[in-house]
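Here's the letter readout for the chains.
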Amino acid sequence: MDQFVLLMLVLLGALVTVPVGERLGLPSPVLMTLLGIVLAVLPFVPNVDIPPGIVLPLLLPPLLYAAVRRTSWRQFAANWQPIFLLAVALVFVTTAAVAATAHVLVPGLPLAAAVALGALVAPPDPVAATAVAGRLGLPRRMVSVLEGEGLFNDVTAIVLYHVAIAAVVTGSFSWPGALAEFVLSAVVAVLVGLALGWLGGKLMALLGDAMLQVGLSLLVPFASYALADALRGSGVLAVLTTAFYLSDRMADADDVFGRLAGATFWQVVDTLVTGVAFGLIGLELHAVFGTVHGRLVPLLGWSAAVVGIVLLVRLLWLLPAAWLARRAAREDTEIPLSWRETMVMWWAGMRGVATVALALAIPLRLDNGAPFPERAVIVFIAFAVVLATLVVQGLTLPWIVTRLGVKADLAAERELEKALAVRAGNAARRRLREIYEAEDLPDDVVEVLSGRIVDLGLRISPEVADEERREAFEQRAKRVRMVRRVQREMLSAARQAILDARRDPNADPVVVSRVLRELDTRSLR
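Parameters at a glance
- Residues numbered from 1 in each chain as written.
- Predicted model: local features only at pLDDT ≥ 70, side-chain atom pairs only at ≥ 80, totals over all residues.
- Heavy atoms only, no water.
- Helix = DSSP H or I, 4+ residues; strand = E, 2+ residues; numbered from the N terminus.
- Buried < 20%, exposed > 50% of the residue type's maximum accessible area, 1.4 Å probe, protein only.
- Contact = heavy atoms within 4.5 Å.
- Patch = residues over 30% accessible without salt bridge, like charges linked within 9 Å, V, L, I, M, F, W, Y side chains within 5 Å.
- Areas by Shrake-Rupley, 256 points an atom, 1.4 Å probe, with all protein chains shown as cover.
- Salt bridge = Lys/Arg side-chain N within 4 Å of Asp/Glu carboxyl O.
- Phe/Tyr/Trp six-rings, centres within 6.5 Å; stacked < 30°, edge-to-face > 60°.
- Polar contact = N/O pair within 3.5 Å; in protein donor to acceptor, adjacent residues only side chain to side chain.
- Axes fitted to C-alpha atoms, helices over the stretch in contact; angles between N-to-C directions.
- Parallel < 35°, antiparallel > 145°, perpendicular 65-115°, else oblique.
- Left-handed = near helix turned anticlockwise from the far one by under 90°.
- Nonpolar A, V, L, I, M, F, W, Y, C, P; charged D, E, K, R; others polar.
- Expected span 1.5 Å × (residues − 1).
- Core = buried A, V, L, I, M, F, W, Y, C linked by side-chain atoms within 4.5 Å.
- Lys, Arg positive; Asp, Glu negative; His and termini not counted.
- Charge placed at Lys NZ, Arg CZ, Asp CG, Glu CD.
- pLDDT = per-residue confidence, 0-100.
- Bend = angle between axes of the 7 residues up to and from the residue.

Caption draft 1: The arrangement of the overall build of the chain in detail. Counting its secondary structure elements, the chain contains 20 helices and 0 strands. Put simply, the chain has 525 residues, and 44% of those count as buried. Of all intrachain contacts in the chain linking residues separated by at least 6 positions in sequence, the fraction that spans at least 24 positions is 79%.

Below is the structure:
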């Protein structure tokens, strides 16, 4: 088996583990990690040969961009206090605690190298958190904070990591210089992100075609990451800034096909890249164990201590931080409201792609030619933290959520749906009134359109009307479903006839494809 066949197997696994995970009630990232571990121990499976320096630039931009598409800048701004406490402050605290522990336990590990270890194990993985928590029916406020933490903690951790690695490699360190680098990295990233977001918006408007726009949306996050990194900025923060800018500014109400095409495309990209990322974690395990060289027992002990510190620090930080955030925040701020939700937040702090990529990216030698001190130990501990948190916490999180009784507030969701239905209906009525006054529409046409506005609101939320109207709507909806079912069968027969025409040697395939596209578009209406 060669590397290409292995990649195809991992991509296939990324697709298969989604329905399998839903059937078993397990997160697909956890299943992909286990699949990678199984593949790694098979004798005929080759070792993964991916340059460490390209793991983050290759995997993080699409994953972060896809994650931002599921949230909004307004949501982040409303939750900046708990996100700051988790994504910035907690990363610093975890880094310091792990660095102190590792420096004491591991003989010959310099403090700067211990800080690098602390930085790379500090950030919970944004993909793991959202993939696991998003399927458990958690309250939206919890998912929002987990998403925000996952999106922004990598920014802090990666900057700390680079500062620590530079201190080890060069043998010098300056607190003022490190702080200046941190600030410079953030400023450069925001400027690059805004510039690429503005440029991407202009290019999308110029391209016009939905297919070309979707293709550009794939290139933009990579360009944002690479440009920011080349200018010594945070590539992660640049991608987030670009993604938030585009999602906030590129909202065209009439671009229905573009939205559908983009959503479908990014769901596919998210699924495949997530699968590859977590499959890589399992596959790299074989290479990591090859660096042990008879020190397995002490390595397991050091790894257990670091895992314990990571979990303990998160718990001890979350309990008072949640209380402080509740005291300082507005009433509508989406933060955990009970100790049960705080416990779920604690257990959802799984490590993943960023930790593995940063561990593998540690240079082999210092500037003076000496080997990087205890590099194999750092990589081993990093993988141990990932496996312990991702596999153990990922497999047990559904059970903990069930036992603690943490679930989404369905009544609040229904109220929001009702409010949105009323809002949509009012907007449609206002527009109908404007057109009626401008064009003098016949009364019977206005009556038909007014009825359709009511149906629109009922389709969004049945709660907007009384029982009699709901029953009448159900009867009409039943007839509409019948018509649509028969129409789908008719259009299916029509599409099959056009597909059969491809076999006709006299049929122009370009014309056939154009007619088929028209039928496909008609089927979406």
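Having seen the model, we can carry on.
Caption draft 2: Expanded view of a nonpolar patch on the surface. Taken together, the side chains of Phe4, Val5, Leu7, Met8, Leu9, Leu12, Leu15, Val16, Val20 and Leu24 present a nonpolar region at the surface, about 840 Å² in accessible area. When you line up the elements, Val5 lands in helix H1 (residues 3-24).

Caption draft 3: Broad picture of the packing of aromatic side chains. The full count for this structure, using the stated rule, is 4 aromatic pairs. When the ring of Tyr65 is compared with that of Trp266, the centres are 4.8 Å apart and the planes differ by 35°; the resulting orientation is tilted. In this pair, Tyr65 sits in helix H3 (residues 55-69) while Trp266 sits in helix H12 (residues 256-289), placing the two residues 201 residues apart along the sequence. The same class applies to Tyr65 and to Trp266, which are both buried.

Caption draft 4: Spatial organisation of the side chain of Gln393. Within the fold, Gln393 resides in helix H16 (residues 375-404). Here Trp347 takes part through its backbone oxygen, which lies 2.5 Å from a polar atom of the side chain of Gln393. Excluding residues within four positions of it along the chain, Gln393 makes contact with Leu311, Trp346, Trp347, Ala348, Gly349, Met350 and Ala388.

Caption draft 5: Structural context of the packing of H3 against helix H15 (residues 353-360). Remark: H3 packs on H15, axes separated minimally by 10 Å, with the N-to-C direction vectors making an angle of 165°. With respect to each other, H3 and H15 are oriented roughly antiparallel. At the point where H3 passes H15, the crossing takes the left-handed sense. Of the residues in H15, those touching H3 at Val55, Leu56 and Leu59 are Val353, Ala354, Ala357 and Leu358. Split by residue class, the contact of H3 with H15 holds 7 nonpolar, no polar and no charged.

Caption draft 6: The arrangement of helix H9 (residues 175-207) in detail. The first and last C-alpha atoms of H9 sit 47 Å apart over 33 residues, in line with the 48 Å expected at 1.5 Å per residue. Listing the buried residues of H9 in full gives Ala178, Ser185, Val188, Ala189, Val192, Gly193, Leu196, Gly197, Gly200, Gly201 and Met204. Gly208, located one to two residues past H9, shows a positive phi value of around 75°.

Caption draft 7: Fine view of the packing of helix H2 (residues 28-41) against H16. At their nearest, the axes of H2 and H16 sit 9 Å apart, and the two run at 130° to each other. By the angle between their axes, H2 is oblique relative to H16. The element H2 and its partner H16 pack so that their crossing is left-handed. In contact with Val30, Thr33, Leu34 and Ile37 of H2, H16 contributes Leu387, Leu390, Val391, Gly394 and Leu395.

Caption draft 8: Main features of the nonpolar core. By size, the foremost hydrophobic cluster in this structure holds 117 residues, and its most contacted members are Leu120, Leu240 and Phe372. Non-local contacts of Phe372, meaning those with residues more than four positions away in its chain, are made with Ala113, Ile165, Val168, Val169, Ile362, Pro363, Leu364, Arg365, Leu366 and Ile378.

Caption draft 9: Region of interest: a negative patch on the surface. A grouping of Asp440, Asp443, Asp444 and Glu447 is seen on the molecular surface, where their side chains present a negatively charged patch. Among the structural elements, Asp443 can be located in helix H18 (residues 443-460). Taking relative accessible area as the criterion, Asp443 reaches 55% and is therefore assigned exposed.

Caption draft 10: Summary view of the confidence of the model for the chain. Scored by pLDDT, the chain comes out at a mean of 80, with 83% of its residues at no less than 70. For the chain, per-element mean pLDDT is lowest for helix H7 (residues 126-133), which scores 63, and highest for helix H6 (residues 111-121), which scores 91.

Caption draft 11: Fine view of H16. Taking 1.5 Å per residue as the helical rise, H16 with its 30 residues ought to reach 44 Å, and the 40 Å between its terminal C-alpha atoms agrees with that figure. Taken as a whole, H16 carries its principal kink of about 40° at Leu397; the proline Pro398 stands between one and four residues after it. For H16, the buried fraction is high: 22 of the 30 residues fall into the buried class. Backbone geometry just after H16 places Gly405 at a positive phi near 70°.

Caption draft 12: Spotlight on unusual backbone geometry. Located in the positive-phi region is Arg232, a residue other than glycine, with phi close to 65°. Within the fold, Arg232 resides in the loop between helix H10 (210-230) and helix H11 (235-249). The exposed category is assigned to Arg232, whose relative accessible area is 59%.

Caption draft 13: View of the side chain of Thr241. Here Thr241 lies in helix H11. Take Thr241: its relative accessible area is 14%, and that puts it in the buried class. Apart from the residues within four sequence positions on either side, Thr241 is in contact with Ala189, Val190, Gly193 and Leu194.

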